[in-house]
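# Results of the structural survey
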Amino acid sequence: MSETADRLERYLEDELGECRNEDLQARLEELDELESLLDEDVVSRDVEALSALGNETRYRLVRLLVEADEELCVCEITPLVDVSDSAVSHAFSTLSEAGLVAKRKDGRWRKYRATPRASALLTVLDGSR
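Residues numbered from 1 in each chain as written. Predicted model: local features only at pLDDT ≥ 70, side-chain atom pairs only at ≥ 80, totals over all residues. Heavy atoms only, no water.

Let's shift gears to the pattern of salt bridges. Across all of its chains, the model carries 10 salt bridges by this definition. Asp106 is the salt-bridge partner of Lys111, the closest N and O atoms lying 3.2 Å from each other. Owing to a relative accessible area of 22%, Lys111 belongs among the partly exposed residues under this scheme. Here the salt bridges share partners, and the residues they tie into one network are Arg63, Glu67, Asp126 and Arg129. (Salt bridge = Lys/Arg side-chain N within 4 Å of Asp/Glu carboxyl O. Buried < 20%, exposed > 50% of the residue type's maximum accessible area, 1.4 Å probe, protein only.)

The following block contains the structure:
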């Protein structure tokens, strides 16, 4: 028996008072089902989105767009954050790749809007305070 199964068996003995082989097998099957829910693509996209929000500049940009609830030109946003134009551009690139902002070119202007995913994430953060 593997070390993991040994530990699980000891845990089940503590929880149930005894651990039969059927108990151990049933719990291993339940854990396998739980593990199957962790789709690697979903996990990767979620981590990318959360990582994108883990930077103050990027968080502020997303927060501004969510609060604006409309598309804003980069020229309207840049004065609101205390970073260089290139930092704003880089931040928007990361946020776009993470699926948190949508961008659109309108002539020579670049406009951004928060995605529903960004709005949902900030709503969850707001509700957890």
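To continue, consider the sheet that holds strand β2 (residues 101-106). Pairing is antiparallel in the open sheet, where three strands are placed in the order β1-β3-β2. Each edge of the sheet is formed by a strand with only one pairing partner; in this case those strands are β1 (72-73) and β2. Where β2 lies against strand β3 (residues 109-114), six bridges are found, and the strand directions are antiparallel. Bridging from a neighbouring strand, Ala102 pairs with Arg113 of β3. Here helix α4 (residues 56-68) sits on the sheet and contacts β1, β2 and β3; the angle it forms with β3, its principal contact strand, is near 80 degrees. (Pairing = 2+ DSSP bridges. Helix = DSSP H or I, 4+ residues; strand = E, 2+ residues; numbered from the N terminus. Contact = heavy atoms within 4.5 Å. Axes fitted to C-alpha atoms, helices over the stretch in contact; angles between N-to-C directions.)

Moving on, we come to the UniProt feature "domain: HTH arsR-type" (unreviewed entry) in the protein chain. Mapped onto this numbering, the UniProt entry annotates "domain: HTH arsR-type" (unreviewed entry) at residues 38-129. What you have in residues 38-129 is 61% helix and 15% strand, and the ends, taken at the C-alpha atoms, are 27 Å apart. (UniProt positions renumbered as here; feature names shortened; annotations may be inferred.)

Our focus in this paragraph is helix α3 (residues 40-53). Over its 14 residues, α3 runs 20 Å from end to end, which matches the ideal 20 Å to within 8%, given 1.5 Å per residue. Residues of α3 that are buried include every one of Ala49, Ala52 and Leu53, and no others. For α3, the arc enclosing every buried residue in end-on projection is 105 degrees, short of the 170-degree limit, so these residues lie on one face. Turned more than 90 degrees from where α3 packs its buried face, Glu40 and Leu50 sit exposed. On its buried side, α3 packs onto α4, α6 (85-97) and α7 (116-127). Two to three positions downstream of the cap, the backbone nitrogen of Asp41 sits 3.0 Å from a side-chain oxygen, assigning the N-cap of α3 to Asp39. (Expected span 1.5 Å × (residues − 1). Arc of directions from axis to C-beta. Polar contact = N/O pair within 3.5 Å; in protein donor to acceptor, adjacent residues only side chain to side chain.)

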